[in-house]
Amino acid sequence: MTPPVAAHDPISTLGKSLGKTILIKCKRQKVFKGQLKSYDSHLNVLLEKVHYTYNVRLDDEEKTLEEKSEDLDRIILRGDSIVFIGLSA
Amino acid sequence: MTPPVAAHDPISTLGKSLGKTILIKCKRQKVFKGQLKSYDSHLNVLLEKVHYTYNVRLDDEEKTLEEKSEDLDRIILRGDSIVFIGLSA
Amino acid sequence: MTPPVAAHDPISTLGKSLGKTILIKCKRQKVFKGQLKSYDSHLNVLLEKVHYTYNVRLDDEEKTLEEKSEDLDRIILRGDSIVFIGLSA
Amino acid sequence: MTPPVAAHDPISTLGKSLGKTILIKCKRQKVFKGQLKSYDSHLNVLLEKVHYTYNVRLDDEEKTLEEKSEDLDRIILRGDSIVFIGLSA
Amino acid sequence: MTPPVAAHDPISTLGKSLGKTILIKCKRQKVFKGQLKSYDSHLNVLLEKVHYTYNVRLDDEEKTLEEKSEDLDRIILRGDSIVFIGLSA
Amino acid sequence: MTPPVAAHDPISTLGKSLGKTILIKCKRQKVFKGQLKSYDSHLNVLLEKVHYTYNVRLDDEEKTLEEKSEDLDRIILRGDSIVFIGLSA
Amino acid sequence: MTPPVAAHDPISTLGKSLGKTILIKCKRQKVFKGQLKSYDSHLNVLLEKVHYTYNVRLDDEEKTLEEKSEDLDRIILRGDSIVFIGLSA
């Protein structure tokens, strides 16, 4: 059962995901999956054990798009590039 | 009959859609359909049972655009990428 | 005869269009025509009986641009993507 | 002889153009010519008897750019897309 | 000899250029040269006797870029599109 | 063991990285690696002993993308272009 | 030896570069090298004896990118287009 939610403060819902793994989809197909350690009202977030996937345009004739990924210990992600944050039910 | 509306506060109209399914069209052909759980004055919204559709440019010669979709339990969507929110009558 | 206008508050002119049909031209050739129900100082607007036209780039070889349209009961349109609002005389 | 100007308030100069025809050049080659009825500190403006010219990319092979124009009774133009406003001497 | 400058207020330096001709380079290769009449803290400026040069992409096969120019009596230029302002020594 | 973190202030976590080497990934594939000397709430940062890598599009027929790099003594990097900052565990 | 730095005010470090030559890298490959005369908290800067280099896309078939440069006496550069400022050690 989803815990009650403050009708006018969606960002505060993140409080219930502290220590949990969340999925963050950003502009230009950047995706971050990691453990939420802290956040602020601008949706700047501190994540740990982060799996980061992104696209790179190769220099072949077709300019193919190749998906790459990195594992990062700890990152501060600026809210400015976030489209949405996926939370567990 | 559409309930009366505050002449100078379109965002507060969302209050009448809490718990209802709304359609959100964002920049770059991203579309979200889900149950509205909470919102704030920047149009950041918390949605549940979300169907998310978006376009991906394939790497074939014609660079075809393919529509993809995902179902997400619960998301915080930043108001910054929203163009409009469709409400039921 | 156009009613007198406050020299320094163009947005308040919208007050005279409440309940009337207005035309809104947005960035990237998006156009909305609907009945104005409410607005705020950021030009976020609530519209009803809305006809929405927009362009989609087809995947044919010429990447043709095709005009599409939708009818929507009620929408909140963010001021951020508006270029201008056409009012009746 | 150009009337004296407040050294630190270029926008207030618009006050002298109320009721006069002004030319507004916007981003992406959009141009508006109309009678200034009101303005605010964000350069949002209310214009009447407006001639609006803009470019449309045709779907021919060369993707030709064609200039189009519309006459509008009364519009609120958001300051956000304005590059400059041409005033009479 | 360059007059002393307030270490923390570059914009106020414009005060010494009131009535003088300045060069303004904007985003997307737009250039304005004119007499500075007034300015504000957002670098909105009022210019007179303005020579405005800009680029237009022709519709020939090579999509050639052609430089065009206009002479304008008096303009308000929004600070938002300015990259830099060239002052005389 | 990761030091405790203020649940609502991810940026303050940078305090623990003062004097340490951090990795900063910016928009348009710009990457900075250097010693953090100071930061502010807008994520403007002062770095020393900086290795800066970026992409340049060559003018060959394929418009190949070539990676370049520079070593810089000391830089102030504006927070505006930062996507994320990688911190050591 | 690098002078001590306020842990939370990277911009104030510019105070130590007043009268010195600094390198400023901006968006879209614009680069400015000049003597810093004044700056503000938005990183608007006043520079003198400025060498400005930028890229221009030629109209040849390959759309070659050519580097150009200009020497300017005195400029006010808006902070908005700055990526980073290189300071001497």
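Just so we're clear, the structure is a prediction, and the values are computed from it rather than from any experiment.

**Digging into the packing of aromatic side chains**
All names here are of chain B. Per the counting criterion, the structure on display carries 28 aromatic pairs over all chains. Centre to centre, the rings of Phe32 and Tyr52 are 4.5 Å apart; their planes meet at 5°, and the pair counts as stacked. Within this pair, whereas Phe32 is found in strand 2 (residues 31–39), its partner Tyr52 is found in strand 3 (residues 45–57), the two being separated by 20 residues in sequence. For the pair Phe32 and Tyr52, one class covers both residues: buried.

**Overview of the interface of chain F and chain G**
Taken together, the contact between chain F and chain G spans 25 residues of the former and 29 residues of the latter. Here chain F and chain G share an interface that buries about 2,200 Å² over both sides, 58% of which is from carbon and sulfur atoms. Our count for the contact surface shared by chain F and chain G stands at two salt bridges. G:Lys25 serves as the salt-bridge partner of F:Glu70, at 2.6 Å between the closest nitrogen and oxygen. Counting across the interface, chain F meets chain G through eight residue pairs in polar contact (both at pLDDT 80 or more). Counting only elements with at least two residues in the side of chain F that touches chain G, the list comes to strand 2 (31–39), strand 3 (45–57) and strand 4 (65–77) of chain F. Among the elements that take part in the side of chain F that touches chain G, strand 4 of chain F stands out by supplying seven residues, more than any other.

**Regarding the side chain of C:Ser17**
Positionally, C:Ser17 belongs in the segment before strand 1 (21–26). Here C:Ser17 is in contact with C:Ile22, C:Leu36 and C:Leu87, once residues within four sequence places are set aside.

**So, the environment of A:Lys25**
You can see A:Lys25 is positioned in strand 1 (residues 21–26). For A:Lys25 and A:Val83, which are 58 residues apart along the polypeptide, the C-alpha to C-alpha distance reads 5.8 Å. With residues up to four places along the chain from it excluded, the contact list for A:Lys25 reads A:Lys30, A:Val31, A:Ile82, A:Val83, A:Phe84, B:Tyr54 and B:Glu70. Only 2.6 Å separates the side chain of A:Lys25 from the side chain of B:Glu70, close enough to count as a polar contact.

**Section: the pattern of salt bridges**
Residues and elements named next belong to chain B. Within the structure shown, the criterion is met by 28 salt bridges over all chains. Its salt-bridge partner being Arg74, residue Glu48 comes within 2.6 Å of it at the nearest N-O pair. With Glu48 in strand 3 and Arg74 in strand 4 (residues 65–77), this pair connects stretches of sequence that are 26 residues apart. In this structure Arg74 comes out as buried when scored by relative accessible area, which is 5%.

Cut-off values and rules
Residues numbered from 1 in each chain as written. Chains lettered and ligands numbered in written order. Predicted model: local features only at pLDDT ≥ 70, side-chain atom pairs only at ≥ 80, totals over all residues. Heavy atoms only, no water. Phe/Tyr/Trp six-rings, centres within 6.5 Å; stacked < 30°, edge-to-face > 60°. Helix = DSSP H or I, 4+ residues; strand = E, 2+ residues; numbered from the N terminus. Buried < 20%, exposed > 50% of the residue type's maximum accessible area, 1.4 Å probe, protein only. Contact = heavy atoms within 4.5 Å. Buried area = accessible area lost by both parts, 1.4 Å probe. Salt bridge = Lys/Arg side-chain N within 4 Å of Asp/Glu carboxyl O. Polar contact = N/O pair within 3.5 Å; in protein donor to acceptor, adjacent residues only side chain to side chain.

Coordinates in, geometry out; function isn't part of it.
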